[in-house]
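A structural walkthrough
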Amino acid sequence: MAAFRPLVIAYRNGAPVRLQDLGQVLDDVQDNKSAAWFNSSRAIVLAIQRQPGTNTVAVAARVRSVMQNLKQQLPGSVDLQLRSDRSESIRASLADVQFTLFLTLALVVLVIFLFLRNLSATIIPSLALPFSLVGTFAVMYALDYSLDNLSMMALTLSVGFVVDDAIVMLENIVRHMEKGTPPLQAAFTGSREVGFTILSMTLSLAAVFIPVLFMGGIVGRLFHEFAVTIGAAILVSGVVSLTLTPMLCSRFLKASRETQHGRFYEASERVYQRVLGWYEGSLGWVMERRPAALAFSAAILVATVVLFVLVPKGFLPSEDNSQISGTTETVQGTSFDDLVRHQEQVMAVLQQDPNVDATMSFLGTGQINQGRVFMQLKPRSQRSMSVDELIRYFNRKLAGIPGIQVFLQNPPPIQIGGRRTKSLYQFTLQSPDRVALYDNANRLTTELRKLPDLLNVTSDLQISNPQATVTINRDRAGALGVTAQQVEEALYDAYGSRQVSTIYTATNQYWVVMELLPQYQQDLSALNLLYIRSQNGTLVPLASLATLTSSVGPLTVSHSGQLPSVTISFDLREGVAIGTAVAQVQRIARQILPSSITTSFSGTAQAFQSSQAGLLFLLILAVFVIYMVLGILYESFIHPLTILSALPFAGFGALLTLLIFRVDLSVYAFVGVIMLVGLVKKNGIMMIDFALEAQRVEGKSAREAILQACSIRFRPIMMTTMAALMGTLPIALGVGVGSESRRPLGIAVVGGLAFSQFITLYVTPVIYTYLDELPGRIRNFALFRPVPARPQPEATPAD
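Rules and cut-offs
Residues numbered from 1 in each chain as written. Predicted model: local features only at pLDDT ≥ 70, side-chain atom pairs only at ≥ 80, totals over all residues. Heavy atoms only, no water. Helix = DSSP H or I, 4+ residues; strand = E, 2+ residues; numbered from the N terminus. Rg over C-alpha atoms; globule rule 2.2 N^0.38 Å. Buried < 20%, exposed > 50% of the residue type's maximum accessible area, 1.4 Å probe, protein only. Contact = heavy atoms within 4.5 Å. Salt bridge = Lys/Arg side-chain N within 4 Å of Asp/Glu carboxyl O. Axes fitted to C-alpha atoms, helices over the stretch in contact; angles between N-to-C directions. Parallel < 35°, antiparallel > 145°, perpendicular 65-115°, else oblique. Left-handed = near helix turned anticlockwise from the far one by under 90°. Nonpolar A, V, L, I, M, F, W, Y, C, P; charged D, E, K, R; others polar. Polar contact = N/O pair within 3.5 Å; in protein donor to acceptor, adjacent residues only side chain to side chain. 1 Å grid on protein atoms, 1.4 Å probe; cavity = no way out; pocket = protein on both sides within 12 Å on 5 of 7 lines; lining within 4 Å. Points joined across faces, edges and corners; volume = space filled by probe spheres on them. Phe/Tyr/Trp six-rings, centres within 6.5 Å; stacked < 30°, edge-to-face > 60°. Lys NZ or Arg CZ within 6 Å of the ring centre and 35° of its normal. Pairing = 2+ DSSP bridges.

From N to C terminus, the protein includes 24 helices and 19 strands. Compactness check: the protein gives a C-alpha radius of gyration of 37 Å against a globular reference of 28 Å for 799 residues, more than 25% above the reference. Viewed in the frame of its principal axes, the protein has a C-alpha envelope of about 140 × 90 × 60 Å. When burial is assessed residue by residue, the protein has 49% of its 799 residues classed as buried.

Okay, structure coming up:
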């Protein structure tokens, strides 16, 4: 820079005029209206984005390796630090899922042991777990899937019911062995009896996830790998149960007369027999009161519909990933230096908090009166508050800083929409009439701020920014020999940071930028000091040929779909669901806005709206697909209805549990409800398949057959349900990183299974007997009775 100062730029009266005589020569940055700070120190931020199809954890590891090499090459005055690493939350979340997976394995094996009380019998179905998981990994590898939160959650959930088929097979073989049948013969007989049952259970459960594969939108992309992974685990477990399990039973199970039972076995067997006896007695009592049981079923169906309306609807649950981001905003027209001072006050408050590990601050990356903040929090175990609690705490503290507003957000696990807003949910208004659009947008924003369920209601409408208008007197300018282009060039030279030269070095290049001194950029009256050289070489003051006025105008003009638009953004108060907020915003908008203004939700709110209709259709389609599969397997229209009669009880239990624990019916919870469609019908398949066989082979009545089926299938029904419950319970109770998303699914499945298990043991037999009588009643209905033939006159002999 020292070499620039003595440069001669002109000669006057024989004397040189040097650059240092006209202004200051400073060594500065190319753009001094943008800046970043890391923990109060000026910084340059480098963002690294992985390429599609690559592994986040692997890319992060390679970046860390490159950083170590760069640190050795940088001078000591430069500190290179890692601001944020998404792979850390991914690793922590996967570690939590892995722990949940192993805990689930242990609980499921424990359930099997408690029911069978035999080590060999416990190991055999437990082997279905690793074989099913290994087979699923092979399918994932073939499809080029990665281990992420959703695929790991699918594997964890599958642990609870991939053993169901093996349990049913093992229990039936053990039942025959307890009657004195040799192991090999028991394996053949038992597998032959339940082979079709296992096939029905496997295919119908896998069919639940077929509609998910063809679902579009963000939900379809989100759960595609989840559906394929869990479907592969189910199909592999079915193959293992039909092949490996009976083979192991024939080789490693001992005959009943060769087995020595201990006190624990005898005591637990007595308890089981008492429970079975109590169930058989209570089932007989219910069968004597079938109309009341049927009325109870109808009431549950109606209550399920009511609960579906009452349960708050959500989209994606908020996760605690130890990060907080936010937007700061000052009054329109604030200078950059004032914005820096306000931003420093905000960062001072955030850095003093013991829950914060590191902070980042950005200015100049968006609108000129806005900045960005980012906080990396300490791990959850070292913090006194969660992310959402910290946001509410910081909002109260930062509200006391005058002249600046701070909008903090918990970054969502999936960023939806490309528009950056100050709050999480967006509502967009569009109209070709900008005046009416801006006026009504302000009115709507004011009304929405009155709603108690909404927080941080703001908009991107900024139309009060101070501006200077230079109105050129064309006639006077022409008389003085000055063109409009010359006026524009003079203004750009003064205020536009014009690049006038470039300095080239061996390793880099540097712009030479010309502008007015800062003291002449802060006052509108300084425009009167500008002179413009006319075509005849004279200097003409700008004030002599133009009128200078000050006014206000838009800082930015937003467009959506080629039309002027205003986006209103908002957050939710604690405990308020997005479904409730969306309904309230739509109601206020209908009351205020004229028909010329079109509205739509965008970003996360739009994805929520589209997902609601899509998920409900998905649930209906899943039920239809299972009905078709069962109808084909049983070659009947009636028996699938009996099997699916447990669905209202499962839905009622899931929705009631979500309501009790104040959990929204989010996308994850809805997937749990869809999973229940495939899980709860297993009980009906086991009972009805046995009852149909008893009617065909032994000629028993429907009542006798279903009572015998309930008694014999009671143990496998309890085992499979408890295994599924134990497999889902760790997810429902999860407290690790990322568990907030998985908990709604676990809560829905646990609640639905627990309630439907108890009720269907009684109601399904009742419905079976009613539907078994249905064909006969239809045939006896008058409309279907054969019409007697009309008597014909007797034929007379021919003459």
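Looking now at the environment of Val 487. Following the sequence through the fold, Val 487 ends up in helix H16 (residues 484-495). Ignoring sequence-local partners within four residues, the contact set of Val 487 consists of Ile 472, Val 482, Ile 532, Leu 542 and Leu 545.

Below, the discussion takes up the pattern of salt bridges. Under the criterion given, the structure shown has 8 salt bridges. In this structure, the salt-bridge partner of Arg 498 is Glu 489, at a minimum N-O distance of 2.6 Å. Taking relative accessible area as the criterion, Glu 489 reaches 34% and is therefore assigned partly exposed. Between Asp 493 and Arg 498 there is a salt bridge, with its nearest N and O atoms 2.3 Å apart.

The next thing to look at is the packing of helix H11 (residues 290-310) against helix H20 (residues 647-660). How two helices sit against one another is set out by the angle between their axes and by the gap between those axes. Between H11 and H20, whose axes approach to 9 Å, the crossing angle comes to 40 degrees. By the criterion of interaxial angle, the relationship of H11 to H20 is oblique. Crossing of H11 against H20: the hand is left-handed. Residue-level contacts link Phe 296, Ser 297, Ile 300, Leu 301, Ala 303, Thr 304, Leu 307 and Phe 308 of H11 to Pro 648, Phe 649, Gly 651, Phe 652, Leu 655, Leu 656 and Leu 659 of H20. Of the residues contributing to the contact of H11 with H20, the split by class is 12 nonpolar, 3 polar and no charged.

Mapped onto the elements, Thr 721 comes out in helix H23 (residues 714-732). A distance of 2.9 Å separates the side chain of Thr 721 from the backbone oxygen of Ile 717, its partner in a polar contact.

We now examine empty space enclosed by the protein. Throughout the structure, instances matching the rule amount to 3 cavities of 30 Å³ or more. Here the largest cavity defines a volume of roughly 70 Å³. Those elements that provide at least two residues to the lining of the largest cavity are helix H21 (667-698) and H23. Broken down by element, the residue count for the lining of the largest cavity peaks at 4 residues, all from H21. Taken together, the residues of the lining of the largest cavity break down into 4 nonpolar, 3 polar and 2 charged. Put simply, the second largest cavity is a space of about 40 Å³. Together, Tyr 438, Asp 460, Leu 461, Gln 462, Thr 556, Val 557, Ser 558, Ser 565 and Val 566 line the second largest cavity. Among the residues making up the lining of the second largest cavity, the classes are represented as 4 nonpolar, 4 polar and 1 charged.

Here we take up the packing of aromatic side chains. Using the criterion set out here, one finds 7 aromatic pairs in the structure. Taking the centre distance of 5.6 Å and the plane angle of 50 degrees together, the rings of Tyr 393 and Phe 394 count as tilted. The exposure class of Tyr 393 is partly exposed, given its relative accessible area of 25%. Just above the ring of Tyr 770 sits the side chain of Arg 290; from NZ or CZ to the centre is 4.3 Å. The side chain of Lys 313 reaches across the aromatic face of Phe 308, ending 5.0 Å from its centre.

For the rest of this paragraph, the subject is the packing of helix H2 (residues 56-73) against helix H3 (residues 86-116). Look at H2 against H3: their axes get within 9 Å of each other, and the N-to-C directions meet at 130 degrees. Considered as vectors, H2 and H3 are oriented oblique to each other. Our pair here, H2 against H3, has a crossing hand that is left-handed. Residue-level inspection shows Thr 56, Val 57, Ala 60, Ala 61 and Arg 64 of H2 in contact with H3, the latter providing Ser 87, Glu 88, Ile 90 and Arg 91. Tallied by class, the residues present in the contact of H2 with H3 amount to 4 nonpolar, 2 polar and 3 charged.

This next bit is on the pairing of strand E3 (residues 35-38). Here E3 shows two buried faces, one formed by Ala 35 and Trp 37 and the other by Ala 36 and Phe 38. Both E3 and strand E4 (residues 41-42) contribute to a ladder of 2 bridges, which runs antiparallel. Considered in E4, the bridge of Phe 38 is made with Ser 41. Remark: 2 residues form the turn of the hairpin made by E3 and E4, two consecutive strands paired antiparallel; Asn 39 in that turn has positive phi of roughly 50 degrees.

This brings us to the pairing of strand E7 (residues 370-377). Of all 8 residues making up E7, 8 are buried, and the element is well covered by its neighbours. Of the two faces of E7, the one holding Gln 370, Arg 372, Phe 374 and Gln 376 and the one holding Gly 371, Val 373, Met 375 and Leu 377 are both buried throughout. Inspection of the sheet shows strand E5 (residues 323-330) paired to E7 by 7 bridges, in the antiparallel sense. Across the sheet, the residue bridging to Ile 324 is Met 375, located in E7. As defined by bridge partners, strand E6 (residues 356-363) adjoins E7 across 7 bridges and the pair is classed as antiparallel. Bridging from a neighbouring strand, Thr 359 pairs with Met 375 of E7.

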